[in-house]
Amino acid sequence: MPLAGMRIILIDDEIDILDATAQLLIRWGCEVQASVAIPERPIEADLIVADFDLGGGVTGLAAIDDLRRQLGESIPAILISGHAEDRIRKNADLANIYLLAKPVPPAILRSSLSAIRLHLRDEA
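Residues numbered from 1 in each chain as written. Predicted model: local features only at pLDDT ≥ 70, side-chain atom pairs only at ≥ 80, totals over all residues. Heavy atoms only, no water.

Tracing the backbone through its elements, the reader meets D12 in the loop between strand 1 (7–11) and helix 1 (15–27). It is K102 that comes nearest to the buried, bridge-free D12 among opposite-charge side chains, at 4.9 Å. A distance of 2.9 Å separates the side chain of D12 from the backbone nitrogen of E14, its partner in a polar contact. Discounting chain neighbours no more than four positions away, the residues touching D12 are I17, L18, S35, V36, D51 and L54. (Helix = DSSP H or I, 4+ residues; strand = E, 2+ residues; numbered from the N terminus. Buried < 20%, exposed > 50% of the residue type's maximum accessible area, 1.4 Å probe, protein only. Lys, Arg positive; Asp, Glu negative; His and termini not counted. Salt bridge = Lys/Arg side-chain N within 4 Å of Asp/Glu carboxyl O. Polar contact = N/O pair within 3.5 Å; in protein donor to acceptor, adjacent residues only side chain to side chain. Contact = heavy atoms within 4.5 Å.)

The structure is reproduced here in C-alpha cells:
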C-alpha cells in the first residue's frame, strides 16, 4: 500500500462527499482528519486536500493558507474545484497547490497522492 500512513487533512462542506472521500483514503491506508470547515486543531499532516467552494464565502485556497500558517510549514496541497476559471488555476499555481477538476476519478486522486508522496520522499 504505497499511501499507507500518509496523513491527510480533508476539507469539504458537502458531508456525503467528505465521508466518501475519507473512506476511500482510509481504505488506501491514509490517516485522515476529515472536516466540513478549517479544523480548529489540525493534525500534523503530509497533505491538505480541500474543495474550492467551502460555503459561507470561504474558499479552499483560504483554508489551505490558514492551515499552512497554523502548522508552520508549506504542506503540499490539492484543491478540488468544479470551476474552470483561469483565476483559480493561477492562484493555485502561485500558492504551489495542485488543482484537480471535479469530478475526480479515484484513480486520478490516488495517482496524485502517490506522486506527491514520492516527491516528499525525494526531498527528505
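Moving on, we get to the pattern of salt bridges. For the coordinates displayed, the defined rule picks out five salt bridges. Here D66 makes a salt bridge to R69, at a shortest N to O gap of 3.7 Å. With D66 and R69 both in helix 2 (residues 60–71) and three residues apart, the pair spans about one turn of that helix. Its relative accessible area of 56% is what places R69 among the exposed residues. Because the salt bridges share partners, they merge into one network encompassing R7, E44 and D46.

Running from amino to carboxyl end, helix 1 crosses helix 4 (residues 106–123) at an angle of 55°, the nearest separation of the two axes being 12 Å. By the angle class used here, helix 1 and helix 4 are oblique. Crossing of helix 1 against helix 4: the hand is right-handed. Where helix 1 abuts helix 4, its residues T21, L24 and L25 lie against P106, L109 and L113. When its residues are assigned to classes, the contact of helix 1 with helix 4 shows five nonpolar, one polar and no charged. (Axes fitted to C-alpha atoms, helices over the stretch in contact; angles between N-to-C directions. Parallel < 35°, antiparallel > 145°, perpendicular 65-115°, else oblique. Left-handed = near helix turned anticlockwise from the far one by under 90°. Nonpolar A, V, L, I, M, F, W, Y, C, P; charged D, E, K, R; others polar.)

Below, the discussion takes up the environment of L54. Inspection of the secondary structure assignment puts L54 in the loop between strand 3 (47–51) and helix 2. Residue class for L54 comes out buried when judged on its relative accessible area of 8%. Between the C-alpha atoms of L54 and M6, which are 48 residues apart in sequence, the distance is 23 Å. If we skip the residues at most four places from it in the chain, L54 touches I11, D12, D13, T59, G60 and A63.

Turning our attention to helix 4. Over its 18 residues, helix 4 extends 26 Å from the first C-alpha to the last, a length consistent with the 26 Å expected when each residue adds 1.5 Å. For helix 4, every residue scored as buried is listed here: L109, S112, L113, I116 and R117. Along the long axis of helix 4, the arc covered by the buried residues comes to 135°, so they all point the same way. Turned more than 90 degrees from where helix 4 packs its buried face, A107, L118, R121 and D122 sit exposed. Looking at the buried residues of helix 4, the elements they touch are strand 1, helix 1, strand 3, strand 4 (77–81) and strand 5 (97–101). (Expected span 1.5 Å × (residues − 1). Arc of directions from axis to C-beta.)

Along the polypeptide, A22 turns up in helix 1. For A22, a relative accessible area of 8% puts it in the buried group. Through-space distance from the C-alpha of A22 to that of Q33 is 8.1 Å; in sequence the pair is eleven residues apart. Beyond its immediate chain neighbours, meaning those up to four positions away, A22 contacts L10, V32 and A34.

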